[in-house]
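Each chain, written out:
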Amino acid sequence: MNQIQYTNRAKAVDRRPLNFIERLYLWNIFIGMFITIKHFFKKKPTVQYPEQVREVGTAYRGLHILNRDEEGRERCTACGLCAVACPAEAISMEAAERLDDEEHLYREEKYAAKYEINMLRCIFCGLCEDACPKDAIYLSHTFTPTNYHRKGLIYKKEDMLIPNPKTQPEEYAKAKGLIDDKKKK
Ligand code: SF4
Ligand code: SF4
């Protein structure tokens, strides 16, 4: 059995006795107050979220956006590649076939009748964005809102689709700008 060898190397510390000023501790209190006051007037690094929202970098990955084309048609074809790539198994969908009179709604012959992302599982890795061959899903710069209920954090297709350029051109341009910024990164 190994035995630990102790050596007597401890040394007694020769403490210098405090002088009168040091025993009053006023100088130390003054230094402490000076540091406190200095920080009091500094710009605060904290923000009052959710009333205030911090600016994030261009590479930040937040809430998902489902993209439309310039005609306002949904780009997603429910191919499932994002769900396969997702390490958290957070994405689920149901595919449907486009009808003849739905060409103005869906870009391809197949579309996602149901598309959900469970934000409680999502780790915002961005692999779904990388896997998508149809330019259909992006992670925006928006923080995921908090919620008191688990159900409220399962996002449906309607929660993530960007506005339709035909009916909401300004909102669409804004959302599209965010996507284009991401593409440049
Ligand atoms: S960001 Fe990552 S974890 Fe979240 S849904 Fe996409 S692939 Fe899954
Ligand atoms: S978001 Fe992209 S990868 Fe995912 S199902 Fe739709 S088209 Fe396929």
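Structure's up top.
Quick look at the structure, then. Predicted model, so just to flag it, every value in this text is computed and none were measured. (Residues numbered from 1 in each chain as written. Chains lettered and ligands numbered in written order. Predicted model: local features only at pLDDT ≥ 70, side-chain atom pairs only at ≥ 80, totals over all residues. Heavy atoms only, no water.)

**Focus: the packing of aromatic side chains**
Applying the stated criterion across every chain yields a total of five aromatic pairs. For the ring pair Trp27 and Phe30, a centre distance of 5.6 Å and an interplane angle of 25° mean the geometry is stacked. Here the residue Trp27 and the residue Phe30 both occupy positions in helix α2 (residues 26–40), the gap between them amounting to three residues, near one helical turn. Residue Trp27 is classed as exposed on the basis of its relative accessible area, which comes to 55%. An aromatic cluster is defined as three or more aromatic residues linked by ring pairs; in this entry it consists of Tyr49, Tyr60 and Phe143. Of note, Lys44 hangs over the ring of Phe40, and the distance from its end group to the ring centre comes to 5.8 Å. (Phe/Tyr/Trp six-rings, centres within 6.5 Å; stacked < 30°, edge-to-face > 60°. Helix = DSSP H or I, 4+ residues; strand = E, 2+ residues; numbered from the N terminus. Buried < 20%, exposed > 50% of the residue type's maximum accessible area, 1.4 Å probe, protein only. Lys NZ or Arg CZ within 6 Å of the ring centre and 35° of its normal.)

**Quick word on the side chain of His64**
Considering the arrangement of structural elements, one finds His64 in strand β1 (residues 64–66). What His64 contacts, discounting residues up to four positions off in sequence, is Ile117, Met119, Cys122, Phe124, Cys128, Ile137, Tyr138, Leu139 and Met160. (Contact = heavy atoms within 4.5 Å.)

**Description of the pairing of strand β3 (residues 110–118)**
By the bridge criterion, seven bridges tie strand β2 (residues 91–97) to β3 in an arrangement that is antiparallel. In the strand pairing of β3, Ser92 is matched with Glu116. Two strands pair when backbone bridges link them, and β3 and strand β5 (residues 154–156) are joined in this way by three bridges, in the antiparallel orientation. Residue pairing for β5: Ile117 is matched across the bridge by Tyr155. (Pairing = 2+ DSSP bridges.)

**Concerning the site of ligand 2**
Close contacts around ligand 2 come from 14 residues, with Cys76, Cys79, Gly80, Cys82 and Cys132 the closest. Taken together, the residues of the shell around ligand 2 sort by class into 11 nonpolar, two polar and one charged. (Near = heavy atom within 4 Å. Nonpolar A, V, L, I, M, F, W, Y, C, P; charged D, E, K, R; others polar.)

**Section: the environment of Pro50**
Looking at where Pro50 falls in the secondary structure, it is placed in the loop between α2 and β1. Judged by relative accessible area, Pro50 falls into the exposed class, the value being 56%.

**Section: the pattern of salt bridges**
Per the counting criterion, the structure on display carries nine salt bridges. Taking the shortest distance from any N to any O, the salt bridge between Asp69 and Arg107 comes out at 3.1 Å. Of this pair, Asp69 sits in the loop between β1 and α3 (81–85) while Arg107 sits in the loop between β2 and β3, placing them 38 residues apart in sequence. (Salt bridge = Lys/Arg side-chain N within 4 Å of Asp/Glu carboxyl O.)

**Structural notes on unusual backbone geometry**
The bulk of non-glycine residues show a negative phi, and the bulk of peptide bonds are trans. Looking along the chain, the bond that leaves Tyr49 and enters Pro50 is cis, with omega of 10°. At Tyr25, a position not held by glycine, the phi torsion is positive, near 60°. Structurally, the position occupied by Tyr25 is in the loop between α1 (20–24) and α2. Assessed through its relative accessible area of 45%, Tyr25 is described here as partly exposed.

**Focus on the environment of Leu18**
With respect to the helices and strands, Leu18 occurs in the segment before α1. Residues contacting Leu18, with those up to four places away along its chain left out, are Arg23 and Tyr25.

**A few points about the sheet that holds β3**
Strands sit in the order β2-β3-β5 across an open sheet of three strands; the sheet is antiparallel. Taken across any chain shown, the strands that pair with only one partner, and hence form the sheet edges, are β2 and β5. Pairs of neighbouring strands in the sheet enclose a mean axial angle of 20°, with direction left out of account. (Axes fitted to C-alpha atoms, helices over the stretch in contact; angles between N-to-C directions.)

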